[in-house]
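# A look at the structure
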Amino acid sequence: MPRVRCPGWIRMSRTHQAHQTRGFHSCPFCTSRILGSRASHPQGSAEIWVMGRDVAYAAPELIAHYVGDHGYMPPTAFIQTVLATA
């Protein structure tokens, strides 16, 4: 599956945060989650919100990690909005 790499994904994980929680969510797909220390795997604690035309998208803060490291492909409309916003 093709991967989408864009610095905007990572920047948006920091600049478009919403619904911050008090705890952390670890990446469920990383083997380091099982085999490594807590410091060795990505953790998120918020959503990111991206405003499109007549729609608002919400995604986990770790979306950049899911796309870049695990090949996750969000819906095309979401990708286009992120790339236009970034």
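Reading the values: rules and limits
Residues numbered from 1 in each chain as written. Predicted model: local features only at pLDDT ≥ 70, side-chain atom pairs only at ≥ 80, totals over all residues. Heavy atoms only, no water. Helix = DSSP H or I, 4+ residues; strand = E, 2+ residues; numbered from the N terminus. Phe/Tyr/Trp six-rings, centres within 6.5 Å; stacked < 30°, edge-to-face > 60°. Buried < 20%, exposed > 50% of the residue type's maximum accessible area, 1.4 Å probe, protein only. Pairing = 2+ DSSP bridges. Arc of directions from axis to C-beta. Core = buried A, V, L, I, M, F, W, Y, C linked by side-chain atoms within 4.5 Å. Disulfide = S-S within 2.5 Å.

## Considering unusual backbone geometry
Phi is mostly negative for residues that are not glycine, and the peptide bonds are mostly trans. The backbone of D54 shows a phi angle near 60 degrees, a positive value even though the residue is not glycine. Along the chain, D54 falls in the loop between strand 4 (47–52) and strand 5 (55–60).

## A look at the packing of aromatic side chains
The final tally for this structure, using the stated rule, is two aromatic pairs. Judged by centre distance (5.7 Å) and plane angle (80 degrees), the ring pair of F29 and Y66 falls under edge-to-face. Taken together, the residues F29 in the loop between strand 2 (25–26) and helix 2 (32–35) and Y66 in helix 3 (residues 63–70) connect sequence positions 37 residues apart. The class for F29 is exposed, based on a relative accessible area of 55%. Look at Y57 and F78: their rings are 5.5 Å apart centre to centre, the planes differ by 75 degrees, and that puts the pair in the edge-to-face class.

## What about helix 3?
Most of helix 3 is tucked away, with six of its eight residues classed as buried. Listing the buried residues of helix 3 in full gives I63, A64, H65, Y66, V67 and G68. Looking one or two residues past helix 3, G71 carries a phi angle of roughly 75 degrees, positive in sign.

## Concerning the pairing of strand 5
When a strand is regular, its side chains alternate between the sheet's two faces. Note that strand 4 and strand 5 share six bridges and pair antiparallel. The residue of strand 5 that forms the bridge with V50 is Y57. Where strand 4 folds back onto strand 5 in an antiparallel hairpin, the turn is made up of two residues, including D54, whose phi is positive at roughly 60 degrees.

## Structural notes on helix 4 (residues 76–85)
Burial in helix 4 covers these residues: F78, I79, T81 and V82. What you see down the axis of helix 4 is that its buried residues fit within an arc of 165 degrees, all on one side. Within helix 4, the exposed residues directed more than 90 degrees away from the buried face are T76, Q80 and A84.

## Topic: the nonpolar core
The biggest cluster of nonpolar side chains holds eight residues, and these are I48, V50, Y57, A59, I63, V67, F78 and V82. Elements represented by at least two residues in this core include exactly strand 4, strand 5, helix 3 and helix 4.

## A word on the state of the cysteines
Counted under the stated rule, the structure contains zero disulfides. The structure places no disulfide on C27, whose sulfur is separated from the nearest cysteine sulfur, that of C30, by 3.6 Å. The buried category is assigned to C27, whose relative accessible area is 0%. On the accessibility criterion, C30 (12% relative accessible area) is buried.

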